[in-house]
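Structure assessment
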Amino acid sequence: MAPPSTSSPKARDPVLPEIPRAPRRPTTRTVHGTALTDAYAWLRADNWREVMRDPAVLAGDIRTYLEAENAYSDAAFAPHGALKDGLVAEMRGRIKEDDANVPSPDGPFAYYSRHRMGGQHPLVCRKALPEGDEAILLDGDAEAAGKAYFHLGPVRHSADHRRLAFAADEAGSELFTIRVRDLASGQDLPLAIADTTGDLLWGADGATLYYIRRDAEHRPSLVYRHRIGTDPATDELIYQEPDKGFFVSLGETQSKAFGLIACGDHETSEAHLLDLADPAARPRLVAARTVGVRYDVEHHPSVKGTDSLVILTNADGAEDFKIVTAPMADPARANWRDLVPHRAGRMILSHTAYRHHLVRLERQDGLPRIVLHAWADGAEHAIAFAEEAYSLGLNGGYEFDPATLRFTYASMTTPSEVWAYDMAARTRELLKRQEVPSGHDPAAYVTRRLFATAPDGEQVPVSLLYKAGTPLDGSAPCLLYGYGAYGIAMPAGFSTSRLSLVDRGFVYAIAHVRGGTDKGWRWYADGKLAKKTHTFTDFIAAAEHLVAHGFTRPERIVAQGGSAGGMLMGAIANMRPDLFAGIVAEVPFVDVLATMLDDTLPLTPPEWPEWGNPIRDPEAFRTILGYSPVDNVRPQAYPAIFALAGLTDPRVTYWEPAKWVARLREANTSSRPILLRTNMEAGHGGAAGRFDRLEEVALVYIFALKTVGLLEPRMESVPA
């Protein structure tokens, strides 16, 4: 499909509505001797918890302001409606609409999901092995019918294959309701468990179901046990997390012998085991929490003849993690023994314990690899890959003793592939390659890995994608993406939607800045707390490197980031507005200081290990005040800015981008526009339907195209 034209005929901007101006209602408080004045604190709804459940209860003055911003944003994009429709059609044309994932065997059945033609939500299916007919267990489109928002969360079948538990969020607030379906009749049982995280765990009997409720402060902290056939009101509370800074999640060992109650924040973790064969099991502590020590648990019934836990941890100074074993009878820290010792610079990301092999995913020199460790003799071998930059993922599957290992592979030019790797024979078989119906030739694109020098001399990896033949003389526009928080690495994977920019001459770049673990745990530690500004200077260094080496120039760069990456966008807008033509900030965490000072918000206490606690620590207060985007807006010529928010977002509350935009409007001395678009029916992830999401992506791309002058008139000419 040819890209829709971006130059002919020239679009004309209509007369825009009056620029929204949020009323100033200043409030002042003093923290650690510093007076903090906030003219827009009123945008934080007093009843925000109720708004998460029902957006209709939002206060009228706040709604009026957000809707005025939406109208202003809509008017700015209105001349390009045809292009938007064309972009959506183009991106949709790269999606195999009736796609299905590779079935995963579990005993007598193989489970998988697929989409129907035109469907927004998945169908959950299974087939009896070896050659049974398909049975649709759950129809996501039918469940979503008539709802303004619908997100199908976790879906889990019971061990006896008789029931299906599933969770759905119908507001975008990440409050999931759990239901259970009888698979023989296809009917849902008469129960609905509300206000959960969506985490699901079945006991071995197929009649015991574990789940997590959110407390009154929206924190996932309460683990319950439900018995099928009983009233959920009588469900037993089996674990309650006492620390407001810890979140709780549910998991399962690959052996299926144990459930896992995992508790933790960004630097400390603790795990409790649940014997899934015992319907009355009590949580059993693995090792007591120690500040700064993280661990993840697997189980193997016969490591060296002993029932053992296999633990991935950073204990004992293992900065990039190691793997230890511990006897099931007494798994306390004193009994941990190294199996895969720590090696600096090789970060172990995850591990899965199968009957004959321990499989781990690790990253070294910025690239991932898969390593297999044979239990019988300890021999190890890695699965090799040839491209310069790529992404890998492991699919553990349902079985403990499979002959093959499933993994996914992709690069910025290579569509996602699913492989089966024979762990004994060391051979691989391609099971599926992502199909691009409108066509895709990997040879028509170039992917590269560069290194930019940060101000302190660190080498910042930058992954690039561009079309072969793109001029590298500084004339190409560039979209530079960054995140840099929580130790999350940015994979150099495949995206069909970004081809819509690359095909129009863009260089697409990912800056693997500090705050992620792209170069190991040190890379993360060097971009958090007092060292947070390294994230921002790394991103700026990446942009400067691209300019210096002819990939683009400042008036052609659009920066993009979301959530904590949106904070990065706010920071670099304040620090180097001259280096960027435009900035896209999706659900941006920009009011960092005010949020970290508000311990009633659900995510604030767990975030203190990442950013610091400005309530108790004056130095953390000063550090955050020094970079918090809202607090550092000042009179200067800002780039064009497009901020996106979600009204029911519990992670980055809607008032953060709203306050940021209000302050930017006051301070901006340029004629470039500042736009805010709030999805009034969604949360952190935006639209939930797979095609509805393309509408939002298309707006971002139109903003980028217009900002760099590929659409007329340029963003600079929009009245501000």
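Position numbers for residues count from 1 along each chain, tracking the sequence in the order it is written. With the structure being a predicted model, the display of local features is reserved for residues of pLDDT at least 70 and the display and counting of side-chain atom pairs for 80 or more, all residues being used for whole-chain, interface and lining totals. The side-chain values count all of the structure's non-hydrogen atoms but skip hydrogen atoms and water molecules.

1. Description of the overall build of the chain
Just so we agree on the cut-off: Under the scheme used here, helices are H or I runs from DSSP no shorter than 4 residues and strands are E runs no shorter than 2 residues, and both carry numbers assigned from the N terminus. Radius of gyration means the value over C-alpha atoms here, while the globule rule gives 2.2 Å times the residue count to the 0.38 power. Whether a residue is buried, partly exposed or exposed follows from its accessible area with a 1.4 Å probe, protein chains only, as a fraction of its type maximum: under 20%, in between, or over 50%, in that order. Contacts are residue-level and defined by heavy atoms, with any inter-residue pair within 4.5 Å sufficient. Methods summary: accessible areas were calculated by the Shrake-Rupley approach with a probe of 1.4 Å, and residue burial reflects only the protein chains presented.
Of regular secondary structure, the chain possesses 13 helices and 37 strands. Taken over C-alpha atoms, the radius of gyration comes to 26 Å for the chain, in line with the 27 Å a tight globule of 720 residues would show. With respect to the principal axes defined by its C-alpha atoms, the chain has extents near 70 × 55 × 55 Å. Counting all 720 residues of the chain, 58% fall into the buried class. Summarising the internal contacts of the chain: among those between residues at least 6 apart in sequence, 58% fall at separations of at least 24. Only carbon and sulfur atoms are counted for the fraction: they give 51% of the accessible area of the chain, which is about 27,000 Å².

2. What to know about the pattern of salt bridges
Two side chains bearing opposite charge may form a pair once their charged atoms approach each other closely. Here is the rule: Note on definitions: salt bridges are taken to be side-chain nitrogens of Lys or Arg within 4 Å of carboxyl oxygens of Asp or Glu.
Under the defined criterion, the tally for this structure stands at 54 salt bridges. The partner of E174 in a salt bridge is R214, with the nearest N and O atoms 3.9 Å apart. Here the residue E174 occupies a position in the loop between β8 (163-169) and β9 (176-182), and R214 occupies one in strand β11 (residues 208-214), the gap between them amounting to 40 residues. Shared partners join several salt bridges into a network, and the residues in it are E90, R94, K467, D503 and R504.

3. Some points on the pairing of strand β10 (residues 193-202)
For clarity, the cut-off: Two strands make a pair as long as DSSP finds a minimum of two bridges between them.
Counting buried positions over the 10 residues of β10 gives eight, a clear majority of the element. Pairing analysis gives two bridges linking β9 to β10, with the strands arranged antiparallel. Across the sheet, the residue bridging to F176 is T196, located in β10. In terms of strand pairing, β10 meets β11 through four bridges, oriented antiparallel. Bridge pairing links W202 to L209 in β11. Following β10, the chain reverses through five residues before pairing antiparallel with β11; G206 in that reversal takes a positive phi of roughly 75 degrees.

4. Things to note about unusual backbone geometry
Excluding glycine, a negative phi dihedral is what most residues carry, and trans is how most peptide bonds are arranged. A cis amide bond, omega 10 degrees, links L129 with the succeeding residue P130. Along the chain, P130 falls in the loop between β5 (123-128) and β6 (134-139). At D316, a position not held by glycine, the phi torsion is positive, near 60 degrees. Note that D316 resides in the loop between β19 (306-313) and β20 (322-327). Of note in the backbone geometry, Y486 takes a positive phi value of approximately 60 degrees without being a glycine.

5. A look at the sheet that holds strand β30 (residues 445-453)
Here is the rule we go by: In this description, a line fitted to the C-alpha atoms serves as the axis of each element, helices being fitted only across the stretch in contact, and the angle between N-to-C directions of two axes falls anywhere from 0 to 180 degrees.
The strand order across the open sheet built from eight strands is β30-β31-β33-β32-β34-β35-β36-β37, with neighbouring strands paired in mixed fashion. The open sheet terminates on both sides in strands that have one partner only, identified here as β30 and β37 (674-679). Taking each pair of neighbouring strands and ignoring which way they run, the sheet shows an average axis angle of 20 degrees. Sheet topology note: the strand β35 (residues 582-586)/strand β36 (residues 640-646) ladder contains five bridges and is parallel. Residue V584 lies in a different strand from β36, and its bridge partner there is F642.

6. Focus: the nonpolar core
The test is simple: Buried Ala, Val, Leu, Ile, Met, Phe, Trp, Tyr and Cys residues form a nonpolar core when they are joined through side-chain atoms within 4.5 Å.
Of all hydrophobic cores here, the largest spans 127 residues; its most connected members are L66, L480 and F539. At 10 residues, helix α13 (residues 692-707) tops the list of elements feeding residues into this core. Sequence-distant contacts of F539, that is, excluding residues within four places in its chain, are made with L480, Y481, G482, A511, V513, A559, L568, M569, I572 and F580. Formed by 16 residues, the second largest nonpolar core is a distinct cluster that contains Y295, V297, V324 and A326.

7. Structural notes on the packing of helix α2 (residues 60-77) against helix α12 (residues 655-667)
To be explicit about the condition: Left-handed describes a crossing whose near helix is turned anticlockwise from the far helix by less than a right angle; the clockwise case is right-handed. Here the nonpolar group is Ala, Val, Leu, Ile, Met, Phe, Trp, Tyr, Cys and Pro; Asp, Glu, Lys and Arg are the charged ones; every other residue, Gly included, is treated as polar.
The geometry of α2 relative to α12 is characterised by a closest axis approach of 12 Å and an angle of 65 degrees between their N-to-C directions. Classified by chirality, the crossing of α12 by α2 is left-handed. Residues Y65, L66, E69 and Y72 of α2 form the contact with α12, whose participating residues are A658, V661, A662 and R665. Classifying every residue of the contact of α2 with α12 by side-chain character gives six nonpolar, no polar and two charged.

8. A closer look at the sheet that holds strand β22 (residues 346-353)
Sheet architecture is open: four strands sit in the order β22-β23-β24-β25, paired in antiparallel fashion. Each of the sheet's edge strands pairs with one partner strand only, and the pair in question is β22 and β25 (380-383). Each neighbouring strand pair of the sheet contributes to a mean axis angle of 25 degrees, computed without reference to strand direction. For strand β24 (residues 367-374) and β25, the ladder comprises four bridges, and the chain directions are antiparallel. In the sheet register, L372 faces β25, and the bridge partner there is H381.

9. Notes on the side chain of H161
To be explicit about the condition: Nitrogen and oxygen atoms within 3.5 Å of one another constitute a polar contact, given that in protein one can donate a hydrogen and the other can accept it, and given that sequence-neighbouring residues count only through two side-chain atoms.
Along the chain, H161 falls in the loop between β7 (151-157) and β8. A polar atom in the side chain of H161 sits 2.7 Å from the side chain of Y111. Other than its neighbours up to four places away in sequence, H161 contacts D106, P108, F109, Y111, R126 and L183.

10. Regarding the confidence of the model for the chain
Using the following cut-off: As a per-residue quantity, pLDDT reports the predictor's confidence and falls between 0 and 100.
Of all residues in the chain, 97% attain a pLDDT of 70 or more, and the chain-wide mean is 94. For residues 1-13, every residue scores under 50 in pLDDT, and the model assigns this stretch 29 contacts once sequence neighbours within four places are set aside.

11. Details of the layout of surface pockets
Heads up, the rule is: Each cavity reported here is a set of points on a 1 Å grid over the protein atoms alone in which a 1.4 Å probe fits but cannot get out, each pocket an open set with protein on both sides within 12 Å along at least five of seven lines, and each lining residue one with an atom within 4 Å of a point. Grid points are joined across faces, edges and corners, and a volume is the space filled by probe spheres set on the points.
Each pocket or cavity is described by its volume, and for the second largest pocket that value is around 870 Å³. Along its surface, the second largest pocket is lined by 32 residues, and Y481, Q560, E586, R693 and V697 are the ones closest to its centre. Of all the elements in the fold, those that place two or more residues in the lining of the second largest pocket are β33 (507-511), β34 (557-562), β36, β37 and α13. No other element matches α13, which puts six residues into the lining of the second largest pocket. Of the residues in the lining of the second largest pocket, the class split is 14 nonpolar, 12 polar and six charged.

12. Details of helix α11 (residues 618-627)
Defined as follows: By definition, the arc is the one covered by directions from the helix axis to the C-beta atoms.
Here α11 has its buried residues at A620, F621, I624 and Y627. Here the buried residues of α11 occupy an arc of 145 degrees about the axis, which is enough to place them on one side. The N-capping residue of α11, defined by a side-chain oxygen 2.9 Å from the backbone nitrogen of E619, is D617.

13. Brief notes about the packing of helix α3 (residues 81-93) against α13
When two helices pack together, their arrangement is given by the angle between the helix axes and by the axis-to-axis distance. Using the following cut-off: Under this scheme an angle from 65 to 115 degrees is roughly perpendicular, one under 35 degrees roughly parallel, and one over 145 degrees roughly antiparallel; angles in between are oblique.
Where α3 contacts α13, the two axes come as close as 9 Å, and the packing angle between them is 120 degrees. The angle between the axes of α3 and α13 places the two elements in the oblique class. Relative to α13, the crossing made by α3 is right-handed. When α3 is examined against α13, the residues L83, K84, L87, V88, M91 and R92 are found in contact with a partner set consisting of L694, E695, V697, A698, L699, Y701, I702 and L705. Tallied by class, the residues present in the contact of α3 with α13 amount to 11 nonpolar, no polar and three charged.

14. Digging into the environment of E174
Of the residues examined, E174 reaches a relative accessible area of 13% and is grouped as buried. The spacing of E174 and H440 is 266 residues in sequence and 36 Å in space, taken between C-alpha atoms. Not counting residues within four places of it along the chain, the set of residues in contact with E174 comprises D169, T196, R214, H218, P650, R651 and H684. A polar contact of 2.8 Å, which involves the side chain of E174, links it to the side chain of R651.

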